[in-house]
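Inside the fold
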Amino acid sequence: MTGSADARTYAVTGAASGIGAATVQRLRAAGHTVIGVDLQDVEVVADLSTSEGRRRAADAVLEQCGGRLDGAVMAAGLGPRRGRERMIAEVNVLGVTELLTAWRPALAAADAAKVVVFGSNSTTTTPFVPRSAVRRLVDGDVTRAVRQIRRRGALAGPVAYAASKIAVTRWSRRTAVSDDWTGAGIRLNVITPGPVMTPLLQAQLDSNTGSQIRSFPLPIREFGTSDQIADWVMLMLSSSADFLVGSVIVVDGGTDALIRTDDWPRALPMRAVPRFLWTMYRAPRAGRVAQY
């Protein structure tokens, strides 16, 4: 398929290992051009934990794609580790929001661009995450969010990770349905994996908290693989996902269903009815209805 009219250009962060590398392999095997972003062995070498690195990554991808980007996979991420709370927030949140904001014009220039952001099922399985810290991360206020997260003491690492994934998921859902994104034909969605056998997970298993990882409830009784998640990403980048906008796809071996069996779906609460009715009233005037 190389060189065909179906060939597209994608940016993939975290492209050098794990799920990012598996996704890159599939995209290239399908004849697509991939601009990988990571710390080494990729087209754009950049450290997403720094503002300079994020600017470099954003600018270099735009230069290499020529102002048109058919999609992006935001697979770069750091796992829970105490003492790295700020770095976790910088990579997992700003490494998504700042890059996608910079790439939005290039995505809008493509035909039905697709973006896949990586969340985590830690968003629904980690307690003691401060709501205000999540709100601050969504707003990009990393300093105040991290200050609050560190008050959790020994739990600061897992809390920072969960807060970062909640924040990036909320940002993605809000952004996905905005006129600048879905109005421009960009489909933005989130995939939420459970434990996947990657170098990140192996490092956690080998650490002094490995026993906790092994006792994590997993109804399917096996870890996922990078190839399995990459297959889901490919589906979310395909034309089959043209009607998929602002969705959170959970691929976690059943953990979320086990822990939160009856939490979703829920009926619309009474307090949300006024907003719902206002949204319905405004939708035709705002052009947020099907047009034939």
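Residues numbered from 1 in each chain as written. Predicted model: local features only at pLDDT ≥ 70, side-chain atom pairs only at ≥ 80, totals over all residues. Heavy atoms only, no water.

1. Section: the overall build of the protein chain
Scanning the protein chain for helices and strands turns up eleven helices and seven strands. Compactness check: the protein chain gives a C-alpha radius of gyration of 19 Å against a globular reference of 19 Å for 292 residues, within 12% of the reference. With the principal axes as the frame, the protein chain shows a C-alpha extent of 50 × 50 × 40 Å. Looking at the protein chain as a whole, 46% of its 292 residues are labelled buried. Summarising the internal contacts of the protein chain: among those between residues at least 6 apart in sequence, 74% fall at separations of at least 24. (Helix = DSSP H or I, 4+ residues; strand = E, 2+ residues; numbered from the N terminus. Rg over C-alpha atoms; globule rule 2.2 N^0.38 Å. Buried < 20%, exposed > 50% of the residue type's maximum accessible area, 1.4 Å probe, protein only. Contact = heavy atoms within 4.5 Å.)

2. Remarks on the sheet that holds strand 1 (residues 9-13)
One open sheet accounts for seven strands, arranged 3-2-1-4-5-6-7; its pairing is parallel. Each edge of the sheet is formed by a strand with only one pairing partner; in this case those strands are strand 3 (44-45) and strand 7 (248-251). Relative to strand 2 (residues 33-38), strand 1 is paired through five bridges, and the arrangement is parallel. Across the sheet, Thr-13 pairs through a bridge with Val-37, a residue of strand 2. (Pairing = 2+ DSSP bridges.)

3. With respect to the packing of aromatic side chains
In this structure the tally under the stated criterion is two aromatic pairs. Ring geometry for Trp-171 against Trp-181: centres 6.4 Å apart, planes inclined by 80°, an arrangement best described as edge-to-face. Linking Trp-171 in helix 6 (residues 156-176) with Trp-181 in the loop between helix 6 and strand 6 (187-193), this pair joins segments that are ten residues apart in sequence. Looking at Trp-181, the relative accessible area reads 6%, which means it is buried. Here the guanidinium or amino end of Arg-285 rests over the ring plane of Tyr-281, the centre of that ring lying 4.1 Å away. (Phe/Tyr/Trp six-rings, centres within 6.5 Å; stacked < 30°, edge-to-face > 60°. Lys NZ or Arg CZ within 6 Å of the ring centre and 35° of its normal.)

4. A closer look at unusual backbone geometry
Here Trp-264 and Pro-265 are connected by a cis peptide whose omega angle stands at 0°. Tracing the sequence through the fold places Pro-265 in the loop between helix 10 (255-259) and helix 11 (273-286). We note that Ala-112 has phi near 55°; this positive angle belongs to a residue other than glycine. With a relative accessible area of 19%, Ala-112 lands in the buried category.

5. Concerning helix 4 (residues 131-138)
Turning to helix 4, its buried residues number three or more, namely Ser-132, Ala-133, Val-134, Leu-137 and Val-138. Here the buried face of helix 4 lies against helix 3 (85-108), helix 5 (142-149) and helix 6.

6. Details of the pairing of strand 1
Among the five residues in strand 1, five count as buried, and that is most of the element. Because side chains alternate across strand 1, one face comprises the buried residues Thr-9, Ala-11 and Thr-13, and the other comprises Tyr-10 and Val-12, equally buried. For the handedness criterion, the β-α-β arrangement of strand 1, helix 1 (residues 18-29) and strand 2 is classed as right-handed. When strand 1 meets strand 4 (residues 71-74), the two strands line up parallel, connected through four bridges. Considered in strand 4, the bridge of Ala-11 is made with Ala-72. (Right-handed = clockwise from strand over helix to strand, strands pointing away.)

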